[in-house]
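Fold and geometry: a report
The primary structure of each chain is shown beneath.
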Amino acid sequence: RSTLSSSSPAPDVYKRQGRQLLSDYEAIVVQTVAKANPAVVSIVATKDIPIIEHYYEEELFQDFFGGRFFMPVPRYREKGTEEKEISGGSGFLFSKDGWIITNRHVVADNDARYSVLLLDEREFSAEVVARDTFLDIAVLKIDGDDFPYLELGSSGDLKVGQTTIAIGTALGEFRNTVSTGIVSGLARSILAGDSWGRVELLEEVIQTDAAINPGNSGGPLLDLNGRVIGVNVAMAIDSQNIGFALPIDSIKSVIDSVKEHGRIVRPFIGIYYQAITSELAELENLPVDYGVILISSQNQPAVVPNSPAQKAGLRMGDIILEFDGEKITIENTLVKMIRQKKVGDEIVLKILSGREEREVSLVLGEAPTE
């Protein structure tokens, strides 16, 4: 494999023997894209939309002097339905037998039908096998075999400055659009909204300056070896070159679960919380500047009824300091620790209730599905 060194030419086009040749870096990018592109798919949602007919109906009126007259009045009525494309997004095959990863918000409409279009123009009807309630991830299946697919890499050892390649259906129109950039940041937390008006907290996401546009959602973020390191999920509004991807390591358990159980099985405690920072601790006069504090969220109680947390006696306002002996920090998040466990595992939480510390044991339950 070619590598760049201080003595290598700059990554631009140079001439040799009267021909223009690609630099080592560019050649790697071109080869990676050529290999990955056939496994990146466009996902189209269609739905039967009512046809509204506009017509006029004569209606009898009476004027001030008692005179009567007819006047056409506009009316509307439904006249059948027609199939229309309502949205589009991206995804990628991760196995030769037709399993596909995309974002949940790409396939959010339960009443829509979804089809998958490959680079070679083949089109398949897709089944939405699972939608993740905690990550913006969905798993689809198309019938067939011997599909091109992408190898899953690792996001655990990514470095800021590492080259990234994003592929997807930009703006829902330009299929297999390629953009390149670098890892701009790691372990970011963002509030992401979709066209349905829903907002969710996404943690541990990868920040990249590779262009991610509407329609790129669900497409792969690749390293220079062509391995998937993330799933493109969001872009920052009113900014340039700020995009985000879900790290692939957090998604592997979803893939394994769906293929084994036919649904997503993941552990959960059953709480809504906010991570504590030094700024939040000062603002709210909290006794600690780490951990998470249990709060209600969007009319949801801080502790989910009948959850492991409720059975263990957790209450709104409690602060969880440690998870199985590990201190919870902005870098070492609670969600990361939970994802490393399995349903049925017994864990110990160190809790701060008011000014009193205590430890509670609980058994991780199975997160509810949509």
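All of these numbers come straight from a predicted model, not from anything done at the bench. (Residues numbered from 1 in each chain as written. Predicted model: local features only at pLDDT ≥ 70, side-chain atom pairs only at ≥ 80, totals over all residues. Heavy atoms only, no water.)

Let's talk about the environment of Pro267
As for its placement among the helices and strands, Pro267 is situated in strand S15 (residues 267–268). Sequence separation of Pro267 and Val343 is 76 residues, and the distance between their C-alpha atoms is 4.6 Å. Not counting the four nearest positions on each side in its chain, Pro267 is found in contact with Ile338, Lys341, Lys342, Val343, Leu364 and Gly365. (Helix = DSSP H or I, 4+ residues; strand = E, 2+ residues; numbered from the N terminus. Contact = heavy atoms within 4.5 Å.)

Describing the pattern of salt bridges
Under the criterion given, the structure shown has twelve salt bridges. In this structure, Asp120 engages Arg122 in a salt bridge whose closest nitrogen and oxygen atoms are separated by 2.8 Å. A residue is classified by how much of its surface remains accessible, and Asp120, at 45% relative accessible area, is partly exposed. Judged by relative accessible area, Arg122 falls into the partly exposed class, the value being 37%. (Salt bridge = Lys/Arg side-chain N within 4 Å of Asp/Glu carboxyl O. Buried < 20%, exposed > 50% of the residue type's maximum accessible area, 1.4 Å probe, protein only.)

Details of helix H1 (residues 24–36)
Spanning 13 residues, H1 covers 18 Å between terminal C-alpha atoms, matching the ideal 18 Å at 1.5 Å per step. Among the residues making up H1, those that are buried are Ile28, Val29, Thr32, Val33 and Ala36. The arc enclosing the buried residues of H1, seen along the axis, measures out at 125°, which places them on a common side. Exposed side chains of H1 directed beyond 90 degrees from the buried face belong to Gln31, Ala34 and Lys35. (Expected span 1.5 Å × (residues − 1). Arc of directions from axis to C-beta.)

Some thoughts on the packing of aromatic side chains
Within this structure, the stated rule accounts for one aromatic pair. Looking at Lys141, its charged tip hangs above the ring of Trp99, at a distance of 5.8 Å from the centre. Cation over ring: Lys327 sits above Tyr290, and NZ or CZ is 4.2 Å from the ring centre. (Phe/Tyr/Trp six-rings, centres within 6.5 Å; stacked < 30°, edge-to-face > 60°. Lys NZ or Arg CZ within 6 Å of the ring centre and 35° of its normal.)

Examining the layout of surface pockets
Its volume calculated, the second largest pocket comes out at about 380 Å³. Taken together, 15 residues make up the lining of the second largest pocket; nearest its centre are Ser155, Glu204, Pro247, Asp249 and Lys336. Within the residue set of the lining of the second largest pocket, elements represented by two or more residues are strand S10 (174–193), strand S11 (199–208) and helix H5 (334–339). Per-class residue counts for the lining of the second largest pocket are six nonpolar, five polar and four charged. (1 Å grid on protein atoms, 1.4 Å probe; cavity = no way out; pocket = protein on both sides within 12 Å on 5 of 7 lines; lining within 4 Å. Points joined across faces, edges and corners; volume = space filled by probe spheres on them. Nonpolar A, V, L, I, M, F, W, Y, C, P; charged D, E, K, R; others polar.)

Any functional reading would require information that these geometric values do not contain.
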